[in-house]
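Listed below, chain by chain, are the residues.
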Amino acid sequence: MSIDLVFQTSDGYPGGFVAEFNGYMCFIEPQAKDSHINYQWLIQEGGGWTHRGGASVNTLIEGTAMSSTQAEEQIIKWLEENQPET
């Protein structure tokens, strides 16, 4: 399976990017640390916006990457490894 995520700019401070895939919400957010920027990424379910995971929001996994591209690759890897068998 090849997953092609389309990230959109998310509101709020410090901002970031969000994509939806199969009911999961995927976030990438820049984090300034010392003199460089890392990218925090996380995958959530629930909250009622995607009809997956119930009423409360659950963070399934999160991590930090050195680039936004690396963060996206880590998100896609998790999504590919955790899709239900069809």
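A short tour of the structure in this document, coming up. (Residues numbered from 1 in each chain as written. Predicted model: local features only at pLDDT ≥ 70, side-chain atom pairs only at ≥ 80, totals over all residues. Heavy atoms only, no water.)

Topic: the sheet that holds strand E4 (residues 36–45)
The 5 strands are arranged E1-E2-E3-E4-E5 in an open sheet whose pairing can be described as antiparallel. Among the strands making up the open sheet, the edge pair consists of strand E1 (8–10) and strand E5 (58–65). Adjacent strand axes in the sheet meet at a mean angle of 30° when their direction is disregarded. Sheet contacts for helix H1 (residues 68–81): strand E2 (16–21), strand E3 (24–33), E4 and E5; angle to E3, the most-contacted strand, approximately 150°. (Pairing = 2+ DSSP bridges. Helix = DSSP H or I, 4+ residues; strand = E, 2+ residues; numbered from the N terminus. Axes fitted to C-alpha atoms, helices over the stretch in contact; angles between N-to-C directions. Contact = heavy atoms within 4.5 Å.)

Describing the environment of Gln44
Residue placement: Gln44 occurs in strand E4. Here Gln44 falls in the buried class, since its relative accessible area comes to 14%. When the C-alpha atoms of Gln44 and Tyr24 are compared, they prove to be 5.7 Å apart, with 20 residues separating the residues in sequence. There is a polar contact of 3.3 Å between the side chain of Gln44 and the side chain of Thr59. (Buried < 20%, exposed > 50% of the residue type's maximum accessible area, 1.4 Å probe, protein only. Polar contact = N/O pair within 3.5 Å; in protein donor to acceptor, adjacent residues only side chain to side chain.)

Section: H1
With 14 residues, H1 ought to run about 20 Å at 1.5 Å a step, and its terminal C-alpha atoms sit 20 Å apart, in line with that. Turning to H1, its buried residues are Ala71, Ile75, Ile76, Trp78 and Leu79. Buried residues along H1 cover an arc of 160° about the axis, so they all sit on one side. Looking at H1, the residues exposed on the side facing more than 90 degrees away from the buried face are Glu73 and Glu81. Contact partners of the buried residues in H1: E2, E3, E4 and E5. (Expected span 1.5 Å × (residues − 1). Arc of directions from axis to C-beta.)

Some details on the nonpolar core
In this structure, Leu5, Trp41, Ile43, Ile75 and Leu79 are the most contacted members of the largest nonpolar core, which totals 16 residues. Within the residue set of this core, elements represented by two or more residues are E2, E3, E4 and H1. Considering each element in turn, this core owes the most residues, 5 residues, to H1. Apart from residues no more than four positions distant in its own chain, Ile43 is found in contact with Tyr24, Met25, Cys26, Asn58, Thr59, Leu60, Ile61, Ile75, Trp78 and Leu79. (Core = buried A, V, L, I, M, F, W, Y, C linked by side-chain atoms within 4.5 Å.)

Structural notes on the pairing of E2
Pairing of E1 with E2, which is carried by 3 bridges, proceeds in the antiparallel orientation. Note that in E2 the partner of Gln8 across the bridge is Val18. Alignment of E2 against E3, held across 5 bridges, turns out to be antiparallel. Its bridge partner lying in E3, Glu20 is registered against Met25. The turn joining E2 and E3, which pair antiparallel and follow one another in sequence, is formed by 2 residues; a positive phi near 50° is taken by Asn22.

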